[in-house]
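Here's the letter readout for the chains.
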Number of protein chains: 6
Amino acid sequence: MAMRAVYPGSFDPVTLGHLDLIQRGSRLFEHLVVAIGVNAAKTALFSPEERVAMIRAETGGLKNVDVATFDGLVVDFAKARGLNVILRGLRTISDFETEFQMALTNRTFAPDIETVFVMPGEKFQFISSRLIKEVAQVGGSVAAFVPEAVARALKGRFTSR
Amino acid sequence: MAMRAVYPGSFDPVTLGHLDLIQRGSRLFEHLVVAIGVNAAKTALFSPEERVAMIRAETGGLKNVDVATFDGLVVDFAKARGLNVILRGLRTISDFETEFQMALTNRTFAPDIETVFVMPGEKFQFISSRLIKEVAQVGGSVAAFVPEAVARALKGRFTSR
Amino acid sequence: MAMRAVYPGSFDPVTLGHLDLIQRGSRLFEHLVVAIGVNAAKTALFSPEERVAMIRAETGGLKNVDVATFDGLVVDFAKARGLNVILRGLRTISDFETEFQMALTNRTFAPDIETVFVMPGEKFQFISSRLIKEVAQVGGSVAAFVPEAVARALKGRFTSR
Amino acid sequence: MAMRAVYPGSFDPVTLGHLDLIQRGSRLFEHLVVAIGVNAAKTALFSPEERVAMIRAETGGLKNVDVATFDGLVVDFAKARGLNVILRGLRTISDFETEFQMALTNRTFAPDIETVFVMPGEKFQFISSRLIKEVAQVGGSVAAFVPEAVARALKGRFTSR
Amino acid sequence: MAMRAVYPGSFDPVTLGHLDLIQRGSRLFEHLVVAIGVNAAKTALFSPEERVAMIRAETGGLKNVDVATFDGLVVDFAKARGLNVILRGLRTISDFETEFQMALTNRTFAPDIETVFVMPGEKFQFISSRLIKEVAQVGGSVAAFVPEAVARALKGRFTSR
Amino acid sequence: MAMRAVYPGSFDPVTLGHLDLIQRGSRLFEHLVVAIGVNAAKTALFSPEERVAMIRAETGGLKNVDVATFDGLVVDFAKARGLNVILRGLRTISDFETEFQMALTNRTFAPDIETVFVMPGEKFQFISSRLIKEVAQVGGSVAAFVPEAVARALKGRFTSR
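Residues numbered from 1 in each chain as written. Chains lettered and ligands numbered in written order. Predicted model: local features only at pLDDT ≥ 70, side-chain atom pairs only at ≥ 80, totals over all residues. Heavy atoms only, no water.

Details of the interface of chain A and chain D
Right, so step 1: Each partner contributes to the interface: chain A provides 24 residues, whereas chain D provides 24 residues.
Right, so step 2: Taken as a group, L28(A), F100(A) and M119(A) account for 26% of the area that chain A buries against chain D, more than any other trio of residues on that side.
Right, so step 3: For the interface between chain A and chain D, the tally reads 2 salt bridges.
Right, so step 4: Measuring nitrogen to oxygen at the nearest pair gives 3.2 Å for the salt bridge that ties E114(A) to R24(D).
Right, so step 5: The interface formed by chain A and chain D holds 7 residue pairs in polar contact (both at pLDDT 80 or more) in total. (Contact = heavy atoms within 4.5 Å. Buried area = accessible area lost by both parts, 1.4 Å probe. Salt bridge = Lys/Arg side-chain N within 4 Å of Asp/Glu carboxyl O. Polar contact = N/O pair within 3.5 Å; in protein donor to acceptor, adjacent residues only side chain to side chain.)

Below, the structure is given as structure tokens:
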């Protein structure tokens, strides 16, 4: 059976760590869908459309990678798309509790969909979207953590406020 | 000395993991009071009255179990009720930091009240009220995690919004 | 049902942290048996008889505490003695993996015997028998970590070598 | 590119947790080689031949699963066999340090071979070969943790000593 | 090169644990600046001026300790002041993820500024400003966790609400 | 007061991670003594003299760094040498339990000697002497983890056996 994977997340915004994992996923799986969770109850810095455009701009060269949004359970999105694997990054600095809870909960909903964890490159082990937003908010440079276009977008967002 | 215990928590809502721990507590202790913390500063999905009713409905068969609310320190509640043990669940997926801080802080306030940790059944190791609310909010089934009546209440709460 | 507990361990040698937990256990439970695991495959510094004598000497004032040895599964020992609780210490510095594995394994063997975890006093959070032996071996003072008689025994053991 | 995986380990002996992971791996990957590490410096309870036979007996029905031994670096074994993925189990009770070190070290040696982590079923989260041997050694039943044939082999091994 | 350090934090309010670390820092470093982060996006219980005054009142006897506020990146503050070390407390109960992320992120921004971690005294291992505010809010005594003047200020703050 | 530090360890053998930390320490402290623990009860791959020579060869350019051996408590060594700081590396992949136990134990023995933790560079976060020996033993290349001379010594050691 061919492995077709979904890589779910908030991607608010996408980081170099996310992009490293997307590249690894595109090599591992026949098809990879980057799925941006859109939860009406959570406030995000960038709109779903902005986040889709950011990831598309950086992954254009990867033929087997798609970008989409979803607003329910990730397992329902996966079933509707015929995807049988959930890809998640595993960092040495990581919120294991949330990762394990999500993986075991998703297995309860869909035993046939397997969550697989892959480690990003070591220089991305400590990057998180939350930290990047905090740095950008106080005027720090985020050039080492996100693509150039995202760095510009972050600067514009916090300056215009 | 007879061991009389309080099992404090938010129970917003009660889960099968909580109920598993209540059953274990009812076997361990002469008397067990399930104490719902009511903090004016925290917003809950269900009212204190709803939460009391939910737990009562599921624990009716346990003669030595009571349900109550409290709004100060749990050690003050325990002293007022003559309870000498605080019961807490300990999961392999768990926020140890918060648990240890609470236990050591409570010991500072009341050295004679001992916090004891018990593990819920292994199939409840990854269930949390927060996760259940997130699943219910996006329309997922929570039947595997909460009693039937609670599942109905969650459905009603999020549909009516 | 009265709670009668077993507190299993190697106690090679008993530390002030162990004794703190024994005192807490003697207050919590109707009866407490300190059970020294005797595993032919593991080499210990002190003989089972020496370890029994050390703990007896320090717990003589606690009427409901017994000391014994066992050489099989702790759950078999507990059943034979009519004990329904396994007591274990839980430190912020602790080998959680081993503790959780033991607790869940013991529950597989004996679902009616509950493992309860209690925290020792904060000044005992970092004491371990292994560390104490390492300190004594290089001639350091262990007076802050073990009873006076145990400190003397350790000194004699390492000097006579 | 088709994913062909190696699942390395000591398997001394194979447990129900290992077999659960092998089944998950056989569904995820085109081909899966269970590779038993044979290190002259480490003493094992069962010989490499016995361990191969044990795993073969339990995985006979899985057409795309092979069993082999190796005695150098797992990445060299993978390259020689044309395998591009290393499969490892990830348990909530787990030695993360060793897992992360191995994964990052292997990536240093072979950047094109990706380590992917998969969670075994929740009832296998706390099973380990080490614990099973300890239980069998003191005469406890390991029927809940290993296949029937392995349980018999363990009994024979410890009785005959 | 003389070591001149910054100890950054929210200090909302300062605790006995913070003061213990300030004393250790004043012994380790030639100069120590306690730097109160002032982030417009985060709501604090005490104003920056109140927090400065609280820390000054308790550290008056330490000649080489200054107190200041900052509102950007801590590394920019350090550079502007000629400080070459960032001091952070490391507790056994601690949010390692956030600490490691901050330390590695700050090193990306300023490779010449080293983050050094020091452990507070063991009786301060579980104290946190967040927990203290929660206790004060429900009317509990915080006398064991903060200086007397801070305890009075907390009482006034929550009573007057 | 000038900070004079000891960096204790086994260094069997010294790794690039150790050398990274020695360089950081030589910048932080007026004087740094790398102290090789020599414990008669522990078997090492390299003799104390070999380990001293290896570290000296790599740190010759650092004027304020000395190398020595010690065979008792590190705090006794520090006192005898007039050193007031113990330096330890802190990795995201790390045995925190042992580090915290050692730091708190050493504080019990010598309250005036402070243990400070510093993070090695991120590319050294997963390197350990134990892992390096395992890799060398099975014939793998350790060139990425240790200085060239140490790599040669390891090769010679395992080939000659």
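Section: the sheet that holds strand β5 (residues 114-118) of chain A
Sheets are built from strands that pair by backbone hydrogen bonding, the pairs being arranged parallel or antiparallel.
Right, so step 1: Judged by pairing direction, the sheet is mixed, and its 10 strands sit side by side in the order β3(A)-β2(A)-β1(A)-β4(A)-β5(A)-β5(D)-β4(D)-β1(D)-β2(D)-β3(D) without closing on themselves. The two strands at the open ends of the sheet, each matched to only one other strand, are β3 (65-70) of chain A together with β3 (65-70) of chain D. Looking at each pair of strands side by side, their axes are set apart by 30° on average, direction ignored.
Right, so step 2: Two strands pair when backbone bridges link them, and strand β2 (residues 31-37) of chain A and β3(A) are joined in this way by 6 bridges, in the parallel orientation. In the strand pairing of β3(A), G37(A) is matched with F70(A). (Pairing = 2+ DSSP bridges. Helix = DSSP H or I, 4+ residues; strand = E, 2+ residues; numbered from the N terminus. Axes fitted to C-alpha atoms, helices over the stretch in contact; angles between N-to-C directions.)

Remarks on the sheet that holds strand β2 (residues 31-37) of chain B
Right, so step 1: Pairing in this open sheet of 10 strands is mixed, and the strands run β3(B)-β2(B)-β1(B)-β4(B)-β5(B)-β5(C)-β4(C)-β1(C)-β2(C)-β3(C) from one edge to the other. Both edges of this open sheet fall to β3 (65-70) of chain B together with β3 (65-70) of chain C, since each of them pairs with a single strand only. Neighbour-to-neighbour, the strand axes of the sheet open up by a mean angle of 30°, direction not taken into account.
Right, so step 2: Bridge analysis of strand β1 (residues 4-9) of chain B against β2(B) gives 6 bridges, and the strand direction is parallel. The partner of G9(B) across the bridge, within β2(B), is I36(B).
Right, so step 3: Along the sheet, helix α2 (residues 48-59) of chain C contacts β2 (31-37) and β3 of chain C; its crossing angle with β3(C), the most-contacted strand, is approximately 170°.

Structural notes on the relation of the copies chain C and chain F
Right, so step 1: The operation relating chain C to chain F is a screw motion whose rotation component is 120°, with 0.0 Å of axial translation and a residual RMSD of 0.0 Å. Viewed as a symmetry operation, the transformation between the two copies matches a three-fold axis. The rotation axis passes nearest to the C-alpha of D95(C) in chain C, at a distance of 6.1 Å. (Least-squares fit on C-alpha atoms with pLDDT ≥ 70 in both.)

What about the relation of the copies chain A and chain D?
Right, so step 1: Placing chain A over chain D gives an RMSD of 0.0 Å and needs a rotation angle of 180°, together with 0.0 Å of translation along the axis. Those values place the two copies in the arrangement expected of a two-fold rotation axis. Within chain A, the C-alpha atom positioned nearest to the axis of rotation is that of F117(A), 2.4 Å from it.

Brief notes about the pairing of strand β5 (residues 114-118) of chain F
Right, so step 1: Buried residues dominate β5(F), accounting for 5 of its 5 residues.
Right, so step 2: Along β5(F), one buried face is formed by E114(F), V116(F) and V118(F) and the opposite face, lined by T115(F) and F117(F), is buried too.
Right, so step 3: Pairing of strand β5 (residues 114-118) of chain E with β5(F) involves 3 bridges; the strand directions are antiparallel. Residue pairing across strands places V116(E) opposite V118(F), the latter belonging to β5(F).
Right, so step 4: Sheet topology note: the strand β4 (residues 85-89) of chain F/β5(F) ladder contains 5 bridges and is parallel. (Buried < 20%, exposed > 50% of the residue type's maximum accessible area, 1.4 Å probe, protein only.)

Observations regarding the interface of chain C and chain F
Right, so step 1: With 15 residues of chain C in contact, the opposing surface of chain F contributes 11 residues.
Right, so step 2: Across the chain C to chain F interface the summed buried area is about 1200 Å²; carbon plus sulfur atoms make up 67%.
Right, so step 3: It is I93(C), F126(C) and V138(C) that lose the most area in chain C upon contact with chain F, and together they represent 43% of the buried surface on that side.
Right, so step 4: In this structure, the salt-bridge partner of R91(C) is E97(F), at a minimum N-O distance of 3.8 Å.
Right, so step 5: Counting across the chain C and chain F interface gives 2 residue pairs in polar contact (both at pLDDT 80 or more).
Right, so step 6: For the side of chain C that touches chain F, the residue count by class is 7 nonpolar, 5 polar and 3 charged. (Nonpolar A, V, L, I, M, F, W, Y, C, P; charged D, E, K, R; others polar.)

Bear in mind that shape data such as this cannot, by itself, settle questions of function.
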